[in-house]
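Summary of structural features
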Amino acid sequence: MAGPRAALRLLGLLLVIPRTWCIIRADETTAESHRYAGPMHPRRLSGQPFPTSLPVSGTTEITYGNQGYTGTMPTEIGTLTLLTSLLIQSNELTGPVPSELGRVTGLTNLKVGNNMVTVIPSQLGRLTAIKAIHFGGDDDDFGGLTSTVPTEFGLLSIATQLTMAHNSMVGSIPSELGCMTALEKGASYLKSMFEENLLTGKLPTEIGKLTAFTEWFRFSQNQFTGSIPSELGGLTALASDLGMHTNRLSGTVPTELGRLSALVQNLRLHSNKLSGTIPTEIGALTAVSQGLYLSKTEVTGTLPTQLGRLAILLSNFNMGNTANTGRMPTQLGRLTGLVNNFGVNANDLRGSLPTELGNMVAMTGNYQLGNNQLCGDIPTQVAALSAANYANDEDGLWRIKANNDVGSECPAPTPMPSLEPSQSPTATPTLLPTTPSPTPQCTKGQELVVELMDDGTWSDYCVDCTAGKYSNSSGSCVTCRAGTYAGEAAAIECSNCPEGQMSSSDGTSCGSCPAGTFVFNDTACNSCTQGKYAPSAQTDDCLECGEGYYTGETSGSTYCNGCEAGKFSPGLAVNCTNCLGGTYSPARASACTNCSAGSYSAADKAYTCETCAAGEYQSAVGATSCVTCGQGTYQPATGQASCTDCGAGSFTGQALGASACTACAAGNWSAALSVRCIQCASGTYSSSGASQCTPCENGTYSSKASAFCSVCASGTWSSTGNSVCRSCTAGRYSGARAAYCLACESGKYAGAGAEFCPACESGAYSPTGAANCSTCPAGRSSSARAGSCTDCHAGRWSAAGQASCTDCTAGTYQGRSNASSCVDCPVGKFSEDEGTHSCVKCSAGWYADTEGLSQCKRCSAVVGKAYTSRDGADSCDVCVQDYFKIGDECVDCDSLVEGSDESGVLCPEGSSLEHLAVVEGYYRFRADSTTAYMCTYPKNCVGGNTTGRLLCLEGSEGPLCALCQPGFYMRESSLQCEHCHTATSMLFLGPGLALFILLVLGGTAWAFRARIAAWFRKEKNRKLWKDVVEGGTALFVTLQIILLVKSNHASLGGSQMPPPYGDFLKAISFLVLDIIQWLPFNCAYADGFSARDALVFVTISPIAIFILVLVLAWFWKLSGHSKSKSKKPPKVARVLGYFMQAILLVLPTISRRICQTFRCSEYDDQRLLDMDLEINCSSKEYEVMLIYAWLMVLCYPLGISLALYAWLWSFRNRLDPKAKAEAEAIAMQSNDPVLKDAPITALALKFRPRFWRYELITLGRRLALTSLALMFQQLAHMMVFVLLLSILTLIIDKECEPYQRRWMSAFSYVLHWQLVLFLLAVIMMDADVVSGAGAIAISVGLLVTNIFLVVFVFVIQRGDVKRLRREKVAHMKSVRRIQRQTAQVVHNRIRANSRNVGPAAISEAVNPLHFSASDTSTDTAVEYGIEMQEMGYDRDHSMHHGVDGQLHDGASGEADMADLPSHEMDIADIYSHGDADAAMREEREKSTGVNPLLQTMYPTADGASTATDEDLAMDLSDISHDSGGVTVDLAT
């Protein structure tokens, strides 16, 4: 190692030389020192690269710490050769530390910690001036070092701090680290040395040379192996933290660690593989107050009693999870200062708990003794500790019983086993085999002897076996085996020796073995082995010499004697063993007994133990001497196992061997374990037996060795522990026994040495400690005993020298302090309470109209509920919400719109008449208007904070924005004015489309006129067309009423009908037949199209159209296109009849337009026409218009109605013939040419004869619902009128059933219900009974219900038709016979006179015959017609005669009854066989006065008949009687 170390020293010298030169150069050039701190940031940034532009070369300090820089350290940093401090810690730097940093040899402070740099270059060994090296991370923010520790660090001999903790460094600690002898500490408790890396290998012993180290010497949490260097005992300056824990260290704990006498906290050796026992020298670390960690190791043996010397240890006595055994030392009870974590758990400790553990009264933390083999009862003192400090142990801090046998009796010790081995048996010798004899020639008991004779021949002969031998024909004699004998010769066998005897060696006899032997297997006498004896020969084995006895000989012993006292034998002993010192035994003892605690035996062979004298003790058993009681302990009794600590307040009087503990006298004290007492110092005292001197309390004093403290007199004082009392200074006072002089309270004063402080009078004051009182100035006050004058706060005042400040009275205030008067509150403000510093503004709704008010006046109570005010008001000049101001008066906003719950304007608080905001859909004429009006067309009124036309939508104008400007028109679908360019096409499209449709329909009718005529010739087609026209007209009338009622309802502000029914009504709005709505006339007139223009147009147009149609009809007839040959003008009545039918369709619309002329409403100070608000109802223009309207009332609603009634009245006898049944009357109507020629009668013919006036009722209903209803100005009144009238007409229609066709009556009834349901729905929406989704649901239901009712009527009518047809068939069968008989009577009469009667007469006779409507139906007449045809009478009056002369069917014979139901003929059809025939019959009957049928059936010679109608009736009555009562009559 000499070579490398010399090289290192040489390298260090080379590094020092240039550094010295650089310093000299720096001094010579007087280079200015700079410091660069980098950009200052208020917080750590992130993601910025490390600056590449470094500061100037003269910079001495760089501070880039905690900036969030990334990247690597630039190599250019090596150019800053004057740099002394480089602080770049806590960034995000990566990569290796540049080797160029080694050039900065003047660097003294290097902090690169908390980065992710990876490699420390060896060149850093050149930084020989370095003092602090920091590369460590944090326990929650590891660094990135992965390199080894450079050996060059050994050159940094003056460095005082080194931190590499919390990285991932590898390799071992270089021994050169021991050269850094100036190292004093790590960076901090959590950043120390090499803690928490991946270092391996053995710790070099050289680290023991770092003797200057004082704090945080930590190599923990690595992977070090080997033993702990004993050289660490040389770190005698180390005061905190020797950390070697959590490694793989093995071996024993060095005893040298006991030399760390300066160590105050934390010896951490836990979590290693340490073995051996805990050295007793650890008990020498008496300065340790925190942290002795030896847990989780493999140390064994008993816990040293010396650990009890760690008396000042406060926490963390961790010896758990080791392999310690034996009893727990009682000395651990001396750890009386321990507060937390007493851990000896998970060991192999045995025996009972020491009573002394109860002395650890400061313990409140973990008390862990579990997982041992402790037993016995818990001592009382320990139980008391548990009860006092762990009563509510919810966290399981107290663990003694866990996995122990505490509470159970400890087991007795196991006896020692015998050490004498068992006797081994003596092996039996192996007998050699005998050579077989030749074939015996001798007898038993003999043996063959072969002998060489002298002559050279062999001779054999038999000889008797000698005694001791035998022969059993084997040819030779055999010696008796041991234990047998043969006493005589020629024995054939040997006999066994008696029990206990042994055969002689020649086998001739048996004898007994000697004493000290035993017979073994009857073969030999063996000597007794060691520890056994035989007073006489024994069999198989000698007797054992038992415990406490000995034989005295190693073998062949013949006796066994008992051991004397002081000796023992375990049994089978040759000699007794002496008892060693510390043991004893009585005579014949099998073992020595240890001297019990408190006794001893000094010499061997003790037969008893001596008792320890007073002042001595012996805690161990088997002791050879007693231990003198240590310093501060004593033992008054003899034979004790321990000495008692001399408690505090007592003394032993001698250093060692004390036998008594005497209480200290009063005025003296002693600590525990004291040899002598100490006198109390001055200022303290003590009573007898005091453990310490008590400082004299405040206000007392004492001299040296005082037993009590004297009380200081009044005016003097003393603090704790004073030996004299001092006088109080001026401004202070004291009573007797004062700890200090009190400063006179504020408001009092005193001179020097005062016993008390007199109080200042009112109006004066004094601060704390004052010698006299001062008078309070003006604006301030004080009461008696005041320490200062109190400022009169805002809201109060006072004169000079006052005892108190006076509150400002209510209605006044004072805003500043120290005031001498108060100020009245100004108007608009008040002060309700006394002593206010400011007046409060009257809140909104309150006011103060005079100064000095204590309370504001409430506007609503004084002025009225409609009035309020702003904050701080002196009057109520603001109207509350929903009111507005007119002049000085507030008016309810709801008064702006009459008859409505809505005001039409927005009236927030503070509104005035001139600045009211109008709601959309409402209108105000002027800013001073006191009424807001609901607009006729709400969409035209856009609302806003203005009046007049400015409220109108673009294109609308006039009052209520109800008129459209020129170039705009009112679009009924949207109910707002729209630009004419959207309707220009309507000027031509509407009329053009209508004309086109008419032309198409006309052209189609003309092209197919023949087919149409043929279609109409069929009766059923004519009836179908009639039904369609009647039903369609009724439906049109109902829908027109609904549309007009809806329009009237909307004009009075009614709610709109929601979709889909509302959309349906919009789609069919053309049914109103109001051309004014169809065409945008306003777009056709430059000056606009007024209501006057519309009235004139609507009323004049029908008259003009009538004249035009009349003229066209005249020209049509004159042109020759008419079938009539007459050139006379067409009848005006006929044209007027058709015109009347057409005018009735539009009459409600015309009448409504006329009636609207009478509706005027008041708007502010003017009365305007509702349908044209430009027209003033007080103007001359309106008077003319009103006169014209009254004329039109006479012309249209009244005139047309009266004209219609008068016209139909003229046909009353034809429409309702008197004394005629209804069916007969209907038949007569059908055949009446006058009625057919008058188109006006079509309005009455659809009704039953007696209801021919019903059209007038229908017309009156239409006019009343659409026009008369306009007389009501209120919506509710109009709707009640309309609803009641609709219900009344519904009842009338239901009860009358006026229509001839049953289905038409039902259909009309359904249409009445349709109107009633519509009105009910509208009323519900007006009353807000339903709205939103509910209104839409009603709209859907209304549409569906109307459709359902119509369909239902048609379905029911279809069922009625089928039922009637079935009834017809049944009835036809019952009347068939009477029909045939009647026809036969007629036939016979005619036949009898046929030669005198021609076809015309027969026809005349047959045609008038019919059935009475009173007892036959229409189908009966049909059947009669069929019967007449069957008998040969057809429609052309031709007869067909058969061969037999009988009248019969000329075509197909008798009619098939199954075909009857297909004939749909009514009574009228029977009587309409042709106008010519009817006329001929009528002329003939008039000329002769005789019924042609009577002349035919009852002829006379002169051609006249004398029979009367009664004769014919009698004949027919007889037939009727025979046929079931069916009556047959003749027509008159």
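Residues numbered from 1 in each chain as written. Predicted model: local features only at pLDDT ≥ 70, side-chain atom pairs only at ≥ 80, totals over all residues. Heavy atoms only, no water.

Take the overall build of the protein chain next. Helix and strand counts for the protein chain stand at 27 helices and 93 strands. By residue count, 42% of the 1532 residues in the protein chain fall in the buried class. Considering only contacts in the protein chain between residues 6 or more positions apart, those separated by 24 or more positions represent 53%. On the protein chain, roughly 76000 Å² of surface is accessible, and the fraction owed to carbon and sulfur atoms is 55%. (Helix = DSSP H or I, 4+ residues; strand = E, 2+ residues; numbered from the N terminus. Buried < 20%, exposed > 50% of the residue type's maximum accessible area, 1.4 Å probe, protein only. Contact = heavy atoms within 4.5 Å. Areas by Shrake-Rupley, 256 points an atom, 1.4 Å probe, with all protein chains shown as cover.)

As a packed pair, helix H5 (residues 1009-1017) and helix H6 (residues 1019-1051) sit with axes 5 Å apart at the nearest point and diverge in direction by 95°. One element, H5, and the other, H6, form an angle in the roughly perpendicular class. Only Glu1019, Asn1021, Arg1022, Leu1024 and Trp1025 of H6 make contact with H5, whose side of the interface consists of Trp1015, Phe1016 and Arg1017. Of the residues assigned to the contact of H5 with H6, the class counts are 4 nonpolar, 1 polar and 3 charged. (Axes fitted to C-alpha atoms, helices over the stretch in contact; angles between N-to-C directions. Parallel < 35°, antiparallel > 145°, perpendicular 65-115°, else oblique. Nonpolar A, V, L, I, M, F, W, Y, C, P; charged D, E, K, R; others polar.)

Let's shift gears to the sheet that holds strand S6 (residues 92-95). Spatial ordering of the open sheet is given by S2-S4-S6-S8, a layout of 4 strands whose pairing is parallel. One side of each edge strand has no neighbouring strand; the edge strands of this open sheet are strand S2 (48-49) and strand S8 (116-117). (Pairing = 2+ DSSP bridges.)

As enumerated under the stated definition, the model contains 33 disulfides in all. Here Cys513 is linked by a disulfide to Cys525, with a sulfur-sulfur distance of 1.4 Å. Sign of the S-S torsion, about -70° for the bond between Cys513 and Cys525, identifies this disulfide as left-handed. Taken together, the residues span a long stretch of sequence, with Cys513 in the loop between strand S35 (510-512) and strand S36 (517-520) and Cys525 in strand S37 (residues 524-527) at a distance of 12 residues. By relative accessible area, Cys513 is classed as buried at 8%. Taking relative accessible area as the criterion, Cys525 reaches 32% and is therefore assigned partly exposed. (Disulfide = S-S within 2.5 Å.)

On to the sheet that holds S36, then. On the basis of which strands lie adjacent, the open sheet formed by 3 strands has the order S37-S36-S39 and mixed pairing. Either end of the sheet is taken by a strand with one partner, and the two such strands are S37 and strand S39 (538-539). Pairing between S36 and S39: 2 bridges, direction parallel. Bridge pairing in S39 links Phe518 to Gln538.

Note: most peptide bonds trans; most residues except glycine with negative phi. Here the amide bond leading from Pro1059 into Pro1060 is cis, since omega sits at 5°, within 30 degrees of zero. Within the secondary structure, Pro1060 sits in the loop between H6 and helix H7 (1061-1067). With phi around 60°, Arg737 is a residue other than glycine that occupies positive phi space. If you trace the backbone, Arg737 turns up in the loop between strand S63 (732-733) and strand S64 (742-743).

What follows deals with a nonpolar patch on the surface. On the surface, a cluster of nonpolar side chains totalling about 500 Å² of accessible area is made up of Val1096, Ile1100, Ile1103, Ile1107, Val1111 and Phe1115. For Phe1115, the position within the fold is in helix H10 (residues 1091-1118). On the basis of relative accessibility, which here comes to 55%, the residue Phe1115 falls in the exposed class. (Patch = residues over 30% accessible without salt bridge, like charges linked within 9 Å, V, L, I, M, F, W, Y side chains within 5 Å. Salt bridge = Lys/Arg side-chain N within 4 Å of Asp/Glu carboxyl O.)

Below, the discussion takes up the packing of aromatic side chains. Any pair of aromatic rings gets described here by the distance separating the centres and the angle formed by the planes. For the structure shown, the criterion picks out 24 aromatic pairs. Note on Phe1247 and Tyr1299: the rings are 4.8 Å apart at their centroids and 40° apart in plane angle, and the pair reads as tilted. On the criterion of sequence distance, the pair formed by Phe1247 in the loop between helix H17 (1242-1245) and helix H18 (1254-1266) and Tyr1299 in the loop between helix H19 (1275-1296) and helix H20 (1302-1326) is long-range, its members being 52 residues apart. Taken individually, Phe1247 and Tyr1299 each receive the classification buried, so the pair is uniform in this respect. (Phe/Tyr/Trp six-rings, centres within 6.5 Å; stacked < 30°, edge-to-face > 60°.)

A few words on the side chain of Glu1255. Residue position: Glu1255 is located in helix H18. Polar contacts involving the side chain of Glu1255 include one to the side chain of Lys1246, which spans 3.4 Å. Excluding residues that lie within four positions of it along the chain, Glu1255 makes contacts with Leu1144, Leu1204, Leu1243, Lys1246 and Phe1247. (Polar contact = N/O pair within 3.5 Å; in protein donor to acceptor, adjacent residues only side chain to side chain.)

Turning next to the side chain of Ser718. Of note, Ser718 is situated in the loop between strand S61 (716-717) and strand S62 (726-727). Apart from residues lying up to four places away in sequence, Ser718 is in contact with Glu697, Asn698, Gly699, Thr700, Cys712, Val724, Cys725, Ala738, Ala739 and Tyr740.

Our next topic: the environment of Gly683. Summarising the element assignment, Gly683 is placed in the loop between strand S56 (678-679) and strand S57 (684-685). Since its relative accessible area comes to 0%, Gly683 is described here as buried. Between the alpha carbons of Gly683 and Thr694 there is a distance of 8.6 Å; along the sequence they are 11 residues apart. Discounting chain neighbours no more than four positions away, the residues touching Gly683 are Thr694, Pro695, Cys696, Ser702, Ser703, Gly721, Asn722 and Ser723.

Right, let's get into the packing of helix H11 (residues 1132-1155) against helix H13 (residues 1197-1209). Between two packed helices, the angle of one axis relative to the other and the distance separating the axes together describe the packing. With their axes 9 Å apart at the nearest point, H11 and H13 run at an angle of 145° to one another. Seen along the crossing, H11 lies across H13 with a hand that is left-handed. Within the contact between the two elements, H11 uses Ala1133, Leu1136, Gly1137, Met1140, Ile1143, Leu1144, Leu1147, Ser1151 and Ile1154 and H13 uses Pro1197, Ile1200, Ala1203, Leu1204 and Trp1207. Looking at the contact of H11 with H13 residue by residue, the classes come out as 12 nonpolar, 2 polar and no charged. (Left-handed = near helix turned anticlockwise from the far one by under 90°.)

Before going further, it helps to examine the nonpolar core. Residues Phe217, Phe317, Phe342 and Tyr367 are the most contacted members of the largest nonpolar core, which totals 93 residues. Not counting the four nearest positions on each side in its chain, Tyr367 is found in contact with Phe342, Leu357, Met360, Leu385, Tyr390, Leu397, Trp398, Arg399 and Ile400. (Core = buried A, V, L, I, M, F, W, Y, C linked by side-chain atoms within 4.5 Å.)

Next up on the list: the confidence of the model for the protein chain. Predicted coordinates in regions of low pLDDT should not be interpreted in detail. Averaged over every residue, the pLDDT of the protein chain is 79; residues scoring 70 or more account for 80%. Long-range and interchain partners of residues 1-46, a stretch whose pLDDT sits below 50, account for 44 contacts in this model, where long-range means more than four residues apart. Contacts from residues 1395-1490, a stretch scored under 50 in pLDDT, to residues over four places away or in other chains number 152 contacts. (pLDDT = per-residue confidence, 0-100.)

With that settled, the discussion passes to the pairing of strand S16 (residues 265-268). If a strand is regular, its side chains alternate between the two faces of the sheet. In terms of strand pairing, strand S14 (residues 240-243) meets S16 through 3 bridges, oriented parallel. The partner of Gly243 across the bridge, within S16, is Arg268. Relative to strand S18 (residues 290-293), S16 is paired through 3 bridges, and the arrangement is parallel. Opposite Arg268, over in S18, you have Tyr293 as the bridge partner.

By the definition in use, this model includes 24 salt bridges. Measuring nitrogen to oxygen at the nearest pair gives 3.9 Å for the salt bridge that ties Lys605 to Glu564. Placement of Lys605 in the loop between strand S47 (599-600) and strand S48 (610-611) and of Glu564 in the loop between strand S42 (561-562) and strand S43 (567-568) is noted, with a sequence separation of 41 residues between them. Taking the relative accessible area as the measure of exposure, Glu564 reaches 44% and is therefore partly exposed. One network of salt bridges, with partners in common, ties together Arg926, Asp928, Asp1164 and Asp1165.

Position of Glu298 among the secondary structure elements: in the loop between S18 and strand S19 (300-302). With 24 residues separating them in the primary sequence, Glu298 and Leu274 have C-alpha atoms 5.4 Å apart. The contacts of Glu298, once residues within four sequence positions are left out, are Lys273, Leu274, Ser275 and Gly276.

Our focus in this paragraph is H13. Compared with the 18 Å implied by 1.5 Å per residue over 13 residues, the 18 Å span of H13 between its first and last C-alpha is a close match. Contacts made by the buried residues of H13 are with H11, helix H12 (1180-1195), helix H14 (1212-1215), H17 and H18. (Expected span 1.5 Å × (residues − 1).)

Relative to S14, strand S12 (residues 215-218) runs parallel, the two being bridged by 3 bridges. By the bridge assignment for S14, Glu215 is matched with Ser240.

As for its position among the elements, Glu499 is in the loop between strand S33 (495-496) and strand S34 (501-503). Looking at Glu499, the relative accessible area reads 67%, which means it is exposed. For the pair formed by Glu499 and Ser512, sequence separation is 13 residues and the distance between their alpha carbons is 9.1 Å.

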